[in-house]
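One-letter residues, chain by chain:
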Amino acid sequence: KPCPLCDEAKEVLEPYKTRFILQEVDITLPENSAWCDKYRYDIPVFHLNGKFLMKHQVDIQKFEDQLTKLELQNA
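Residues numbered from 1 in each chain as written. Predicted model: local features only at pLDDT ≥ 70, side-chain atom pairs only at ≥ 80, totals over all residues. Heavy atoms only, no water.

Going by what an unreviewed UniProt entry lists, the chain is known as Glutaredoxin-like protein and is assigned to Tricholaema leucomelas. In the Sequence similarities (unreviewed entry) part of its UniProt record, the chain is described as follows: "Belongs to the glutaredoxin family." (UniProt positions renumbered as here; feature names shortened; annotations may be inferred.)

Here's what the structure looks like:
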């Protein structure tokens, strides 16, 4: 912290907050060293339902498509 890139991404996702649960992971914490090793230079990184979705910035079209697909599967 601070992480302006993460803050910007969270702002972009704000309108969707009722459709998913955002779990933030602080990769600087010792217990998250595996995430740090994997994504150190690629933040922010997004997984949706446990699967890698995107990194660096929000691809809103990709996010919407995958979120809708997931919602339809769970309906």
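From this point on, the discussion continues.
Moving on, we come to the pairing of strand β2 (residues 51–55). Two elements, strand β1 (residues 45–48) and β2, share 4 bridges in a ladder whose sense is antiparallel. Note on β2: the bridge partner recorded for His47 is Phe52. Here β1 folds back onto β2, and the loop between the two strands holds 2 residues, one of which, Asn49, carries a positive phi near 55°. (Pairing = 2+ DSSP bridges. Helix = DSSP H or I, 4+ residues; strand = E, 2+ residues; numbered from the N terminus.)

Put simply, Ile43 and Pro44 share a cis peptide bond, and its omega is -10°. Following the sequence through the fold, Pro44 ends up in the loop between α2 (33–39) and β1. Of note, Asn49 is a non-glycine position whose phi angle comes to about 55°, a positive value. As for its position among the elements, Asn49 is in the loop between β1 and β2. The class for Asn49 is exposed, based on a relative accessible area of 59%. With a phi close to 80°, His56 is a non-glycine residue in the positive phi region. Here His56 shows up in the loop between β2 and α3 (60–74). (Buried < 20%, exposed > 50% of the residue type's maximum accessible area, 1.4 Å probe, protein only.)

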